[in-house]
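# Per-entry structural report
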Amino acid sequence: MSVRDLRKLIDGRITQMTPRATIALNLLQLILRQAPNLKYANNIRAFFCKEAGSRNLGGGLQIFKGFYQCAHSFQRELDSSAHDIIYESEVYQDGPMPEVVLSFLETQNPRALNIDDQHQSWRKLNVFFKSLFVTFTHRKGRKKITKLVPRAGAVEFEKEKDGVTQRMTVQAYFREAYNISLRYPDALGVEIGRGGTVVPVELCIIAPNQRYTRKLPQESTKMMVEFTSEKPKGRLDAIQRGIRGAGSVLDYSSSVFVRDAELEISPSPTIIDGKVLSTPPMLYRQGTQPLAPWNVVNQQFFKPKNIARWAVVDYSPNPSRDRPANERFIKMLGENCLKLAIAPPQAYINGNGGNVVGDLKQAARQATGHESLQPDLILVILPSSAAEIRFSVKQHGDVLQGVSTLHWRVDKVARANDQYCNNVAMKINAKLGGVNAVPQSKVLIDLAKQPFMIMGADVGHPAPGVSDQPSVASLVWSYDQQAMRYEAFTSIQPPRLETIEGLHGLVKRAIVGFGLPPHRIVFFRDGLSEGEYAKVAEKEINDIKAAIDELWNEKSAKQPKPTLTFIVVGKRHHVRFFPQKEQDADRSGNCPAGFVADQGIGNPIAKDYYLQSHGGLLGTSRPSHYVVIRDENFANNIDSLQELSFALCHAYARATRSVPFPRRSILVCGRANFHFRPDLHYDDSSASVASGAGSFDIRRWQAGYRGPHENMSKKMFYM
């Protein structure tokens, strides 16, 4: 293998990733990863082990920490030690299968093992265990589960004995063949192998180190976040413990693959120089706030949205107990809204979870006094677990009736204070089309001298392991002078397709909706991996340009066509920054908000920068990676692009602090399930199966999909 092209790439003597450079880099990846991947559970790029840390999540799942390894080519150097960072993966709980089944069912009662195919949890249980490997207590071997079988002990099969075929139950077979008397003969079992052999659950053991690749259940997410959040110093220490010394999990010095390749891996992190951008002051109606995070106390929104009528629907599980706290919250919310220049609610009803649509219609009727009118907003108080109610509320509001809705869990309402109510008021104003505050940035002020548009796009994919549901593409675009308010368009396309199929039409609709011919368009594209930059970005830039050309020809427009800046915003990377000195860190131990690095870790074939735009809250902050694919607006002035990116991270209407990246398009994709018919079970991995590429029918999903109601136009209902 020749590394000549790779060296030329790093030195800047060539500007394209050649096939030889790609092969050299891929081989380095393989050498780095091979030893630990042979030893631990892995997804090829990362491996996971109990030595790095583990925790039970419940529901039959555990989480392991681990390490991601990757060789990267940077400007003037090869980071061959990899981005070794603490990584995490969900794995199936191993051990006796009855214990795992009971964990999934969230009970300790062995009678729950008698579950049958009529039980409401049977389908989800079957999907959870299908294709898992099990070993056995009565014999050697390892087999894959084909499906679950109810009342396994009573299942009959034909067995030949002494030349006579006779029918025998599974319970009788194990007593005769293995001298095993089943403790739970009425419990479920597993079917394995092509012959459909049935084995009772009590004789099965879930094999270790099996990764869970589906969407993590919502109730486990909070526990996972708590476990994986680690302060920068602790994370860096864990990485270095994994690298240094004999017996460490990475232990490059003893890897036969690393030694044979005569590689030397430095255990020290790469040292780079960066800078901290100035925080833009936030403009409210009375003036500016220069601090970050800022506060809405004693402020009024920059553009408050008037509310004529709104209502509250209460789904608290214990209305007589919870009603006083809920009414206190609503009163406090109304007072805070008045201070910020919007008005209090006018109707309050106790909801019935069995008829959500009826409750919402009754609330609208009480608030407006008319059968056919809708209030400006319906506020909904939910129990702690209420996915079905939330789905009905959002589909009713966003899609069917065109009324903005906002919900909270009852436990959060009980702890609400002024700050919480102010945050709710910010969401209300944004949802109804108001503007909370405007970041004062020179680059935004210069852009606003002529009509301009900020666009953002993303593609949301179905849950991991699901291939029979579509992906959803979204485009958001600014329609006001300050680029603070955004309209959203969506479209559906075949699963796992990263290129936005209908981008040409979406961009054309956006420019028409903007009203004026824009002079400039700045387009932020979320969700592309490094290998997709060139191919996907080139096609989408051509689609944007084609939409502009077509529209200008149709209108016979005399104005110049808008110039385009196209930036990919990467989040699925593993770069982390650790301050060298304690005095350089913020209170969380992270680099301060606004830290930007464009030297020392830059991509050798593209203009790029890493921006850590948000202050640390939990764990180690992840910077966003901005890759400038085309720039016709800023003359490749990287300082202007960085300032614009940082300013837009302050324009997120739900927060009084800067956020990791301009993220509206991600919010839109995340709400896709509200737009599909309920019987399609979109985003429900337990209702889907992995299927062949030829079996997907896009027309079925298009027929079951409805976009936002026309009343939601130019309202940020997705906030």
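Here's a quick rundown of the structure. (Residues numbered from 1 in each chain as written. Predicted model: local features only at pLDDT ≥ 70, side-chain atom pairs only at ≥ 80, totals over all residues. Heavy atoms only, no water.)

Enumeration according to the criterion identifies 25 aromatic pairs in this entry. Measuring from centroid to centroid gives 5.0 Å for F128 and F129, while their planes differ by 80°, and the two rings are edge-to-face. Look at F128 and you get buried, because its relative accessible area is 6%. Residue class for F129 comes out buried when judged on its relative accessible area of 0%. Summarising the aromatic geometry, the rings of W477 and Y479 are spaced 6.3 Å apart at their centres and angled 70° between planes, so their arrangement reads as edge-to-face. Both residues of the pair, W477 and Y479, belong to the buried class. Through pairs of rings, three or more aromatic residues link up here, namely Y92, F104, F128, F129 and Y212. Taking the ring centre of F489 as reference, the NZ or CZ of R509 above it sits at 3.7 Å. (Phe/Tyr/Trp six-rings, centres within 6.5 Å; stacked < 30°, edge-to-face > 60°. Buried < 20%, exposed > 50% of the residue type's maximum accessible area, 1.4 Å probe, protein only. Lys NZ or Arg CZ within 6 Å of the ring centre and 35° of its normal.)

A few words now on helix α1 (residues 4-11). Among all positions in α1, only D5, L6, L9 and I10 are buried. End-on, the buried residues of α1 take up no more than an arc of 140°, which puts them together on one face. (Helix = DSSP H or I, 4+ residues; strand = E, 2+ residues; numbered from the N terminus. Arc of directions from axis to C-beta.)

This next bit is on the sheet that holds strand β22 (residues 404-409). Hydrogen bonding along the main chain pairs the strands of a sheet, whether they run parallel or antiparallel. Read from one edge of the open sheet, four strands run β20-β19-β21-β22, paired in parallel fashion. On the outer flanks of this sheet lie β20 (347-350) and β22, each paired with one strand and no other. Within the sheet, the average angular offset between the axes of one strand and its neighbour, ignoring direction, is 20°. Of the strands in this sheet, β21 (377-382) and β22 touch helix α11 (residues 387-401), which is tilted by about 165° from β22. Sitting on the sheet, helix α13 (residues 418-431) is in contact with β19 (310-314), β21 and β22, with an inclination near 160° to β22. (Pairing = 2+ DSSP bridges. Axes fitted to C-alpha atoms, helices over the stretch in contact; angles between N-to-C directions. Contact = heavy atoms within 4.5 Å.)

This part is about the sheet that holds strand β8 (residues 95-96). Pairing is antiparallel across the open sheet formed by six strands, whose spatial order is β8-β15-β9-β10-β13-β14. Looking at the sheet topology across the chains shown, the edges are occupied by β8 and β14 (197-200). Pairing of β8 with strand β15 (residues 204-206), which is carried by two bridges, proceeds in the antiparallel orientation. Bridge assignment links G95 to a residue of β15, and that residue is I206.

Bringing the pattern of salt bridges into the picture now. Pairs can form between side chains of opposite charge once their charged atoms are near each other. Applying the stated criterion to the full structure yields 26 salt bridges. With a closest N to O distance of 3.4 Å, K65 and E230 form a salt bridge. In this pair, K65 sits in strand β4 (residues 61-68) while E230 sits in the loop between α6 (218-228) and α7 (232-243), placing the two residues 165 residues apart along the sequence. Assessed through its relative accessible area of 10%, K65 is described here as buried. The shortest N-O distance in the salt bridge between R677 and D679 comes to 2.9 Å. Overall, the relative accessible area of 48% leaves D679 in the partly exposed class. (Salt bridge = Lys/Arg side-chain N within 4 Å of Asp/Glu carboxyl O.)

Bringing helix α9 (residues 319-339) into the picture now. A turn of α-helix holds 3.6 residues, and therefore any two residues three or four places apart point the same way. With 21 residues, α9 extends 29 Å between its outermost C-alpha atoms, agreeing within 8% with the 30 Å of an ideal straight helix rising 1.5 Å per residue. Of all the residues in α9, the buried ones are D322, N326, F329, I330, M332, L333, G334, N336 and C337. Elements that come into contact with the buried residues of α9 comprise β19, β20, β21, β22, α12 (410-414) and α13. (Expected span 1.5 Å × (residues − 1).)

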